[in-house]
Amino acid sequence: MNPGMEGTPPRILVVIPAYQEERSIGGLVRSLRERTPYDVLVVNDGSTDRTSETAREAGAIVLDLPCNLGIGGAVQTGFQYARDRGYDTVVRIDGDGQHDIDDIPKVLEPILAGRADAVIGSRFLGETEYRGSISRIFGIHFFRFLVNLTTGYRVTDPTSGFFAINRRLVAFYSDHYPSDYPEVDAYILMHRLKARAIEVPVRMYERAEGKSSITTFLAVYYMLKVTLSFLINRIRRFG
Amino acid sequence: MNRVTLFSICASAGFLLYILEMVRRRKLREEYSILWLFGSVVILVLSLKQDWLVGIAHAVGIVYPPSFLFLVGILFILLILIHFSIAISKLHQMNKKMAQEIALMKSALPPGERSRVKDER
């Protein structure tokens, strides 16, 4: 069971939550299959388009949720799959081409070396081409402040959905993972577990296809909801 | 016995019987009926014993007894609504778990079986 055991290469699963991503998911899965040695799992979050078929044809393992659970519920299903099938490490990336698959080794390396339990790709470390909307940038600053203040993690990109976690966090997240906007909340959970979380610089692009799950209308709700569940998670019991 | 007393006795007794009948026919689960039963019994008692209503209202400093009745009614409705929010949250959690289990189980089926499950959906 030791991931560093001699002669047994670590089993790595790339988890991609996808909702209505039929235009981008096929290309992404194909590139992963051709250019990386990892298993690829697409969690189809109740899409009504051909997301599931396209991903399967491109060579991914596909989980079809019978209804839309939201991003957190979909990602959690991927963690449960990894836990049940005995994967050592999970990399989670977006299905819309926002993340660069050539950066995957960067988020994996500290975990495989045993230096971290979670590695989060940050678009703000190092040189960056990222340009977000004003509300997005404001939200990122707000959550950066909130995470730094309450957990002590020095975070530059608290809403990044590009990360790798080890077996211990996979097991914990399989039982406890926030539903709606999980990335910020996850810092509290990691803090409670005393997990070692570090950031590495990655590139992020404007979405290739589709729309971001966060519209300006939802930005205020997003901030309130995440702040509330973040603070509640600080005082919650996990049994 | 004045008319308004008679009316409120009939209404609260009718309500109580309606709730009991719904539970008997299994259209309302026992755990969700308790608050309604409790509420209708309180209204029935206060209709029968109006001097109790006046006494309690004065004891807590309310001059006009019927406004105490409104207060009790509103608090009762709030309690029921919170109860529902909790019940919905629980259902939400259970629903999520079931959807996840279904997705994981379907992925373990051979491909032919998988499409059959989808068709029957």
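Note that the structure is predicted; figures quoted are calculated from it, not measured.

Novice: It is not clear to me how the overall build of chain B should be interpreted in this structure. Could you clarify?
Specialist: When you go through chain B residue by residue, the secondary structure sums to five helices and zero strands. Each helix and strand of chain B, placed in order from N terminus to C terminus, yields the pattern α-α-α-α-α. Over its C-alpha atoms chain B spans a radius of gyration of 24 Å, topping by over 25% the 14 Å that the globule rule assigns to 121 residues. Its C-alpha atoms give chain B principal-axis dimensions of roughly 75 × 30 × 15 Å. Sequence separation of at least 24 residues holds for 47% of the intrachain contacts in chain B that already meet a minimum separation of 6.

Novice: How should the pairing of strand S1 (residues 12–18) of chain A be read in this particular structure?
Specialist: Every other side chain in a regular strand lies on the same face of the sheet, so the side chains alternate between the two faces. All names here are of chain A. Burial analysis of S1 places seven of its seven residues in the buried class, which makes it a mostly covered element. Alignment of S1 against strand S4 (residues 89–92), held across four bridges, turns out to be parallel. Within S4, the position partnered with isoleucine 12 by the bridge is threonine 89. Crossover S1 to strand S2 (residues 39–44) through helix H1 (residues 22–35) is right-handed.

Novice: What am I meant to see in the packing of helix H3 (residues 50–59) of chain B against helix H4 (residues 65–107) of chain B here?
Specialist: The geometry of a pair of packed helices is captured by two quantities: the angle between their axes and the separation between those axes. Residue and element names in this part refer to chain B. Interhelical geometry of H3 versus H4 gives an angle of 85° and a closest axis separation of 9 Å. Here H4 runs roughly perpendicular to H3, going by the angle between their axes. Residue-level inspection shows Leu53, Val54, Ile56 and Ala57 of H3 in contact with H4, the latter providing Pro65, Phe68 and Leu69. When its residues are assigned to classes, the contact of H3 with H4 shows seven nonpolar, no polar and no charged.

Novice: Before we go on, may I ask you to explain unusual backbone geometry in this structure?
Specialist: The bulk of non-glycine residues show a negative phi, and the bulk of peptide bonds are trans. With a phi angle near 50°, glutamine 20 of chain A is a residue other than glycine that sits in the positive phi range. The phi angle at arginine 26 of chain B is positive, at roughly 60°, despite the residue not being glycine. Within the element layout of this structure, arginine 26 of chain B appears in the loop between helix H1 (3–24) and helix H2 (30–48).

Novice: Mind showing me how you'd approach the sheet that holds S1 of chain A here?
Specialist: Backbone hydrogen bonds hold the strands of a sheet together, and the pairing may be parallel or antiparallel. All names here are of chain A. As summarised here, the arrangement of the seven strands in space is S3-S2-S1-S4-S6-S5-S7, forming an open sheet in which the pairing is mixed. Across the chains shown, the open sheet's two edge strands, defined by having one partner strand only, are strand S3 (61–64) and strand S7 (197–201). Neighbour to neighbour, the strand axes of the sheet diverge by 20° on average, direction disregarded. Where strand S5 (residues 118–122) lies against strand S6 (residues 163–166), three bridges are found, and the strand directions are antiparallel. Considered in S6, the bridge of isoleucine 120 is made with phenylalanine 163. Across the face of the sheet, helix H3 (residues 71–84) comes into contact with S1, S2, S3 and S4 while running at roughly 155° to S1. Together, S1, S4, S5, S6 and S7 form the strand contacts of helix H4 (residues 104–112), whose direction differs from that of S4 by roughly 150°.

Novice: Looking at this structure, how should I read the nonpolar core?
Specialist: For soluble globular proteins, nonpolar side chains are generally found buried alongside one another. Counting 71 residues, the largest nonpolar core has Leu41, Val42 and Val90 of chain A as its most contacted members. Excluding its chain neighbours within four sequence positions, the residues that come into contact with valine 90 of chain A are Leu13, Val15, Gly78, Phe79, Ala82, Ala164, Ile165 and Val170 of chain A.

Novice: Would you mind going over the interface of chain B and chain A with me for this structure?
Specialist: Frequently, the measure chosen for interface size is the accessible area that the parts lose on association. Counting from both sides, the interface comprises eight residues of chain B and, opposite them, 13 residues of chain A. Classifying every residue of the side of chain B that touches chain A gives four nonpolar, two polar and two charged.

Novice: Even after reading the chapter, I still don't get helix H6 (residues 167–175) of chain A, so can you show me in this structure?
Specialist: Owing to its 3.6 residues per turn, the α-helix aligns residues three or four sequence positions apart on the same side. Burial in H6 of chain A covers these residues: Arg167, Leu169, Val170, Phe172 and Tyr173 of chain A. At its buried positions, H6 of chain A is contacted by H3, S4, S5 and S6 of chain A.

Novice: Just checking my understanding: could you explain the environment of alanine 103 of chain B for this structure?
Specialist: Mapped onto the elements of the fold, alanine 103 of chain B is located in helix H4. Residue classification places alanine 103 of chain B among the buried positions, given that 25 C-beta atoms sit within 10 Å. Alanine 103 of chain B has contacts with Leu63, Asp64, Leu65, Pro66 and Thr77 of chain A, leaving out every residue within four places of it along the chain.

Novice: Please explain the packing of H3 of chain A against H6 of chain A as it appears in this structure.
Specialist: Residue and element names in this part refer to chain A. H6 packs onto H3 with a crossing angle of 125° between their chain directions and a minimal axis gap of 8 Å. Taken as axis vectors, H3 and H6 run oblique relative to one another. The handedness of the crossing between H3 and H6 is left-handed. Across from Gln76, Phe79, Gln80, Ala82 and Arg83 in H3, the residues of H6 making contact are Val170, Ala171, Tyr173 and Ser174. A per-class count over the contact of H3 with H6 returns five nonpolar, three polar and one charged.

Novice: Just to check I follow, could you spell out the pairing of S5 of chain A for this structure?
Specialist: Residue and element names in this part refer to chain A. Taking burial as the measure, the five residues of S5 include five buried ones, the bulk of the element. Taking every second residue as pointing to the same face, both faces of S5 are buried, with Ala118, Ile120 and Ser122 on one and Val119 and Gly121 on the other. Note: S5 against S7, five bridges, orientation parallel. Each bridged residue has a counterpart across the sheet, and for glycine 121 the counterpart in S7 is valine 200.

Cut-offs and rules
Residues numbered from 1 in each chain as written. Chains lettered and ligands numbered in written order. Predicted model: local features only at pLDDT ≥ 70, side-chain atom pairs only at ≥ 80, totals over all residues. Helix = DSSP H or I, 4+ residues; strand = E, 2+ residues; numbered from the N terminus. Rg over C-alpha atoms; globule rule 2.2 N^0.38 Å. Contact = placed C-beta atoms within 7 Å. Buried ≥ 20, exposed ≤ 12 C-beta atoms within 10 Å, placed from the backbone. Pairing = 2+ DSSP bridges. Right-handed = clockwise from strand over helix to strand, strands pointing away. Axes fitted to C-alpha atoms, helices over the stretch in contact; angles between N-to-C directions. Parallel < 35°, antiparallel > 145°, perpendicular 65-115°, else oblique. Nonpolar A, V, L, I, M, F, W, Y, C, P; charged D, E, K, R; others polar. Core = buried A, V, L, I, M, F, W, Y, C linked by C-beta atoms within 7 Å. Left-handed = near helix turned anticlockwise from the far one by under 90°.

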